[in-house]
Each structure stands twice: as C-alpha cells, then as structure tokens.
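Structural overview for review
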Amino acid sequence: MTTPPTTSGPAQTGLLVRKAAERGSTDIGWLDSRHTFSFGRYRDPVWRAFGPLRVMNDDRVAPGAGFGTHPHRDMEIISYVVSGHLEHQDSAGHGSIIGPGGVQVMSAGTGIEHSEFNPNAHQPVRFLQIWIEPDRTDHEPSHDSREFAPARTPNSLQLIVSGDGRDGSLAIHRDADISALSLDGSTRVDIPRGGDRRVWIQVVSGSVTAHLGGADAVELAEGDGAGLESESASAEQSITLSGEGEVLVFSIAG
C-alpha cells in the first residue's frame, strides 16, 4: 500500500489550519458529508492526508438511510458518533449500534465488507468517519465498539482509541492515540506531544482557541482542524486548548 503524502497545508502560527468552509463536500440527499482530506471524487492536491491520517469525514445521514454493503481492505476505520445512532454490520458477523459518544473501530485487514446506516426512522445521525493507515498490510479483519460518553470528565483528555488498547481504549493497528476532550471554558488544557509525533486537533462542536507556545492564538470553530507536523521547528512547543466545545485530539507516530 502506498502511503499518501503528508499535507503541506496553510500554516498559521506554526499550525496547519484547515477551515471547515474550505473542505470538500458530497451532498446526495440522504448523505451530507464534508471532507477534510481528499476523498472519493473530491481531490485536493494540498490536503491529501496528514501523515497516516488519511480520512476525516463529517457525515450526516438522513433517518433510515445509510451506506450499503461495500468492501474495504488494509485500513483502520474509526467512527465517532456525535448525535443520533449508527448501526454497523459486516461480513465477519459483527454488528453494533452506538449512540452519542460511541466509537467503533474496524480493521479491514485482508478484506471485509460492511454497511453503516441510521437505524432511526425519525432522527438523523452525525458521525465522524476517520481512516488511519495500518502499520502493515494483511492484518486479520476485526471490529469493536464502545460508548465512552458517561465516563467523560470536563477539561480532561479521555483516550478512546490507541495502538495498544490501554486504559480501556479501542485498539487499532497503528501507533496512534485519539482522545476526546470536552472543554467547559473554565481552564486551559495542555496537549501532550513529542517531537517525533504528529498532532491533529478536530473541533467537533463549539469554539476553541489553540495556543502553540508563545505564538499568537488560533481560533477554531465546529468542523475546523489544525495540525502540527512531527518535524516542525516548533516541535518542543506545547499546545494548549481553551474555550467551550468538543474536540478530538490525535497523536500519531510516523
């Protein structure tokens, strides 16, 4: 599998900033999707990927609709439900329904077919679909899901996905951590990082301010994303977040 090139997107105060209004889109009636990186027929020569982070789609699916059975291979696919409910079925016999704060991971590995759809006849579902390239090809396909919302503490990073499944997170085949963070406006939260890891911040809802060391702050709203490359000259600068909103924080090796 060929690794997509790292983005060299617009930088602001040391951060690569991807504004929600500049994303690609797919609107086919039952599906309204926004693409942070190139996806499907949407191709952006700058925003092709962020290292191994290949896809960040913000999907809204109409009541009773969804993605029919289709194949995947050699990709770690993560779905994070923002509102509504999402149902999964696959050719290996796995099935699940998750609600707000719920996460499911599917390692496509040697090949698997699956469907994702909205089981509710009256309420739409909004979820983030995230693809991360695995550490190698031909893993055994697998699926797992969990709901994390009841245990979330404001202004505290909650690990939901990791490469080793630690602290109750769901495991994927990549040295990559995904943490959920709910900010209530009362404090700044430090984002741990190392010089050999990429950091990506995706704002799920609300308004967030990102601070990189002593640089000017970056204002981020719903759908905005910001990244810091592992080889950045600011690799030792700390990132802090403040504001009121929900954020996913990615820390990815390679």
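Rules and cut-offs
Residues numbered from 1 in each chain as written. Predicted model: local features only at pLDDT ≥ 70, side-chain atom pairs only at ≥ 80, totals over all residues. Heavy atoms only, no water. Helix = DSSP H or I, 4+ residues; strand = E, 2+ residues; numbered from the N terminus. Rg over C-alpha atoms; globule rule 2.2 N^0.38 Å. Buried < 20%, exposed > 50% of the residue type's maximum accessible area, 1.4 Å probe, protein only. Contact = heavy atoms within 4.5 Å. Areas by Shrake-Rupley, 256 points an atom, 1.4 Å probe, with all protein chains shown as cover. Lys, Arg positive; Asp, Glu negative; His and termini not counted. Charge placed at Lys NZ, Arg CZ, Asp CG, Glu CD. pLDDT = per-residue confidence, 0-100. Phe/Tyr/Trp six-rings, centres within 6.5 Å; stacked < 30°, edge-to-face > 60°. Pairing = 2+ DSSP bridges. Axes fitted to C-alpha atoms, helices over the stretch in contact; angles between N-to-C directions. 1 Å grid on protein atoms, 1.4 Å probe; cavity = no way out; pocket = protein on both sides within 12 Å on 5 of 7 lines; lining within 4 Å. Points joined across faces, edges and corners; volume = space filled by probe spheres on them. Nonpolar A, V, L, I, M, F, W, Y, C, P; charged D, E, K, R; others polar.

**Focus: the overall build of the protein chain**
Of regular secondary structure, the protein chain possesses zero helices and 21 strands. Taking 254 residues into account, the globule formula puts the C-alpha radius of gyration at 18 Å, and the protein chain, at 17 Å, falls close to it. Here the protein chain, with 254 residues, has 54% of them falling under the buried criterion. Within the protein chain, contacts between residues separated by at least 24 positions form 72% of all contacts whose residues are at least 6 apart in sequence. Accessible area of the protein chain: about 10400 Å², with a carbon and sulfur share of 48%. Averaging the coordinates of the 20 positive side-chain charges in the protein chain and doing the same for the 34 negative ones gives two points 4 Å apart.

**Here we look at the confidence of the model for the protein chain**
Looking at the protein chain as a whole, its pLDDT mean stands at 91, while 90% of the residues score no less than 70. Overall, residues 1-5 carries pLDDT values under 50, and its contacts beyond four positions in sequence, including any with other chains, amount to 12 contacts.

**Section: the packing of aromatic side chains**
Enumeration according to the criterion identifies six aromatic pairs in this entry. With centroids separated by 5.4 Å and ring planes inclined at 75°, the aromatic side chains of phenylalanine 39 and tryptophan 131 adopt a geometry described as edge-to-face. Placement of phenylalanine 39 in the loop between strand E4 (31-35) and strand E5 (53-61) and of tryptophan 131 in strand E12 (residues 125-132) is noted, with a sequence separation of 92 residues between them. We classify tryptophan 131 as buried; its relative accessible area is 14%. An aromatic cluster is built from Phe37, Trp47, Phe50 and Trp200, whose rings are joined through pairwise contacts.

**Quick word on the sheet that holds strand E3 (residues 24-27)**
An order of E3-E4-E5-E12-E7-E10-E13 is seen for the seven strands of this open sheet, with the pairing classed as antiparallel. A strand with exactly one partner marks an edge of an open sheet, and here the two such strands are E3 and strand E13 (142-147). Between one strand axis and the next, the sheet turns by 15° as a mean value, whatever way the strands run. Both E3 and E4 contribute to a ladder of four bridges, which runs antiparallel.

**Digging into the layout of surface pockets**
Roughly 350 Å³ of volume is contained in the largest pocket. Lining the largest pocket are 18 residues, with Thr26, Leu31, His35, Phe39 and Phe67 sitting closest to its centre. Elements that contribute at least two residues to the lining of the largest pocket include exactly E3, E4, E5, strand E6 (66-72) and E12. Of the residues that constitute the lining of the largest pocket, the class distribution is six nonpolar, nine polar and three charged. For the second largest pocket, the calculated volume is near 170 Å³.

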